[in-house]
Every structure is written in structure tokens, then in C-alpha cells.
Amino acid sequence: MNIPFSPPFIDDDVLFEVAESLKSGWITTGPKTKTLEEEIAKIASVSHTLCVNSATSGLMLVMKWFGVGPGDEVIVPSYTYCATALAVYHLGATPIMVDIKSDFTIDPDKILAAISNRTKVIIPVDIAGWPADYDAINKIVSLPEVVRLFNPNGNVQKRLGRILVMSDAAHSIGAFYNSKPTGSLCDITVFSLHAVKNVTTAEGGAITINLSTPFISSEVYAQMRLMSLNGQTKDAFTKTKAGGWRYDIILPGFKMNMPDVCAAIGLAQIRKYGSFLLPERKRVAEEYYRQFRKYSWAQLPLLKDGGTESSYHLFALRINGITECQRDAIIDEISLYNIAVNVHFVPMPMLTIFKDMGYDIKNHPIAYDNYSREISLPIYPQLTEEQVKYIVDAVTNSFNKVVGK
Ligand SMILES: Cc1ncc(COP(=O)(O)O)c(C=O)c1O
């Protein structure tokens, strides 16, 4: 058997949508992107969603809209993909990394200690599809002493009057937190639609807007859309209409829009996400649970707890009582079975770029502990029960070989 880590789900419906886009004569941002935005807005239970060309772009676009820049600080968990912090870095602001809880998500107690009068944004990350503790985080930004400390710069920050909570939900489309869907859990959420994600557009991201008054979602959407298209008053689709040539550039925007030919892939997938793709991921996760439960060395990830439920993006197995070296050796053994596994993630303070900036893993003991014992197993709709059994046997044999029975 040869088991890849996360192949995209491409069926006849995807091929049909993509072919339709190609044949239509319109392949960049247009009707398919718009429809995908509407579908994602429905899943997230918000009125407006903007599609962009990646989650990294989405994080940057939102912070640019909020007026984040040099001198500002943005609080991020140390345990995430580098894009969460690099988006901050590219705006000239400083990522402030805080440690996580055992469930892989940012620790709200550590957030409070990290807030200063320079803090502009907090970015919780829903690692593996398991939502961060949004109630605690939303409460923190509204505490009177935290609001008093907020030092707004520019109109948007003045209007909000507090730290912005922007979720990095790259992994968690379709997850729930206290019975509410991701996308609606804080001010703004950014999903990733990258090739390995639950719903993909090859590369892509989606920003859901959930700001309350005085913000009007349709206006925020229009502003962000403008910012994703160079600040140009007319998009290419409108300009192709006869007589529609005249345009202006009214702000220094980015070029981050999603092409229709990419949106077509996501559109075909999202139409069957709730009814098929997500339940199939859940099936695989439950099968892993059933088969691993008997082993005391296997620490299984949180998948459901009351009204909170994962999007089953990653199956983050941890192995009790092993060192980082033993974990690496177990992965080497597993690869001999032609099974691709991964580690999500190397904590950012262990990566050269961040080490060189002075971040130190010693200040992030939970992140290190989770990382050193973690192995992400394949999880996707195409996996059969037989393949899951093959993976569980391979992991078990590899554990026994490295650690001993
Ligand atoms: C937690 C997290 N945030 C952000 C990103 C960036 O997503 P994208 O590749 O769509 O820019 C990723 C990508 O894997 C991620 O895992």
C-alpha cells in the first residue's frame, strides 16, 4: 500500500465546474468566486465573505484594513504555521508569541499577560480544526482595563475601540464552538482553501466578516474587496462590459483576488462539504479512535465536546512518554510502510527566522511538549477502513520497534 498524506478531492463535479469556467471565457474573479463567497458565508453563518488568493493574503489584508503597522504588536500562538506570524511581520508589526494549552490552541491566560498598549490584534488559531477558546478571548478584549490600554491609530481602530480578534481558521471550516460555526466566533475569520485543506481552490483563502455596529458588513466587504484588487474602483469583470472602461485607483491596495477557475474547484467541493466531505473525514477520525483507544501510549486528539466539534482537518496523534528523537525514529519507521505522515507544527520559536529574531522555545514549554510527541496521520474522504487499519498497524509496530513492548 502507498498512502499519501493529503491528496485533493477531485471528482467529476470538480472537473465539470472547472471546465465550465474555462469554456465560459471568464477565468479570473467573477461569478464563480461570488457564488463560492455566498456558500462559505452560509456555512459560517455570516452575511459577507470575501475570497482571496490565500489565507496568508487574507490575514495581511485584514490587518492592513485595520491599520496595523510598524510599532504595533499582534499576539499569536507559538504553535502554528509560520504564515500566522509572517503576515504580521510583513506589515512591519511585531508578532508576540504566547504558549498554548494541551489542546494545541492559544492559552487565554497567557494572552492577558502579553497585552500592552501597542497590541492591536489577537490571532487565535484553530489547530487541526479544533477551535480556540473564543469566549475567553472575546472577554479579554472587552475587559475595561484592556480597553483602556488600547491606543487606536486611524479611523477603523477608533471605531472598534478595542483589540481586534481575527481567527486564523486555516484548518477549521465547518467546525463548531459552543454550537456556533467557525467564521462567526469573533470579529473576523480567515479560512485557507490551500490544496491540502478540507475545501480547496488549489490556492485560496476566505475572509468572513462578523463585526457588529458601528460596522456594516457590506461596507467592510466592499472596502476589503477594493483592497484585494489594487484599490481599483472597477474589477476586470465590470470593465469588460461595453462602455465600462473608466476606472480610478483610490487607495494603495494589494493584488490578492481569487480567480474564478480556482473558485470552481472549491464550489464543487463546498456544495457537498456538509453532506459528504466533512462526514467522511469524521468517519476516518472515528475509525482511528476505535482502533487506537486500546493503546495507553496513544494520546488521541479532542474531536467533540458538547457543542464544540472539530473540522477533522488533521488527526494529531501524540504518543505518551516519548522524546523528540523517539518521535522522529517512529516517523522513519512508519515511512518504511509507504505511509506519509507529518508533524504539525514545528513551533515557530524553533524555526531559524524566528530564533534569529530572539524568540526562544524555552518560553513555550507546552508547545514543545506537544510538538515533540506529535505525528499527524493521513485523514481524508478517500481513505478506506482497510487503509486506516494498515496505518494503525504501521504506527503500532513502529512504536513497539522504537520504544519496545
Ligand atoms: C495555521 C495556518 N495558518 C495559515 C496558513 C496559510 O494558509 P495559506 O497557504 O492559504 O496561505 C496555514 C497553511 O497551511 C496554516 O496551517
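In this text the structure is predicted, and so the values were computed from the model without any measurement.

Cut-offs and rules
- Residues numbered from 1 in each chain as written.
- Predicted model: local features only at pLDDT ≥ 70, side-chain atom pairs only at ≥ 80, totals over all residues.
- Heavy atoms only, no water.
- Helix = DSSP H or I, 4+ residues; strand = E, 2+ residues; numbered from the N terminus.
- Buried < 20%, exposed > 50% of the residue type's maximum accessible area, 1.4 Å probe, protein only.
- Lys, Arg positive; Asp, Glu negative; His and termini not counted.
- Salt bridge = Lys/Arg side-chain N within 4 Å of Asp/Glu carboxyl O.
- Pairing = 2+ DSSP bridges.
- Axes fitted to C-alpha atoms, helices over the stretch in contact; angles between N-to-C directions.
- Contact = heavy atoms within 4.5 Å.

A.B. asks: So what's going on with the side chain of Lys197? Residues and values would help.
C.D. replies: With respect to the element layout, Lys197 can be found in the loop between strand E8 (188-192) and strand E9 (205-209). Buried charged residue Lys197 carries no salt bridge. Nearest counter-charge: Glu203, at 8.0 Å.

A.B. asks: Describe in detail the pattern of salt bridges, supporting the description with residues and values.
C.D. replies: Scanning the entire structure with this criterion turns up 19 salt bridges. Here Lys32 makes a salt bridge to Glu20, at a shortest N to O gap of 2.6 Å. Residue Lys32 is found in helix H2 (residues 31-44), and its partner Glu20 is found in helix H1 (residues 12-24); the two are separated by 12 residues along the sequence. On the basis of relative accessible area, Glu20 is assigned to the partly exposed category, the value being 36%. Linking Glu287 and Arg290 is a salt bridge whose minimum nitrogen-to-oxygen distance equals 2.7 Å. With Glu287 and Arg290 both in helix H12 (residues 273-292) and 3 residues apart, the pair spans about one turn of that helix.

A.B. asks: Which residues make up the sheet that holds strand E5 (residues 164-169), and what values do they have?
C.D. replies: Strand order in the open sheet formed by 7 strands is E1-E9-E8-E5-E4-E2-E3, with mixed pairing between adjacent strands. Unpaired on one side and paired on the other, strand E1 (48-52) and strand E3 (94-98) mark the two borders of the sheet. Recorded for the sheet is a direction-independent mean angle of 25° between the axes of neighbouring strands. Relative to E3, strand E2 (residues 73-77) is paired through 5 bridges, and the arrangement is parallel. Residue pairing for E3: Ile75 is matched across the bridge by Ile96. Each of E2, E3 and E5 is contacted by helix H4 (residues 83-90), which is oriented at about 150° to E3, the strand it contacts most. In the packing of helix H9 (residues 217-228) onto the sheet, the strands contacted are E1, E8 and E9, and the crossing angle to E1 comes to about 10°.

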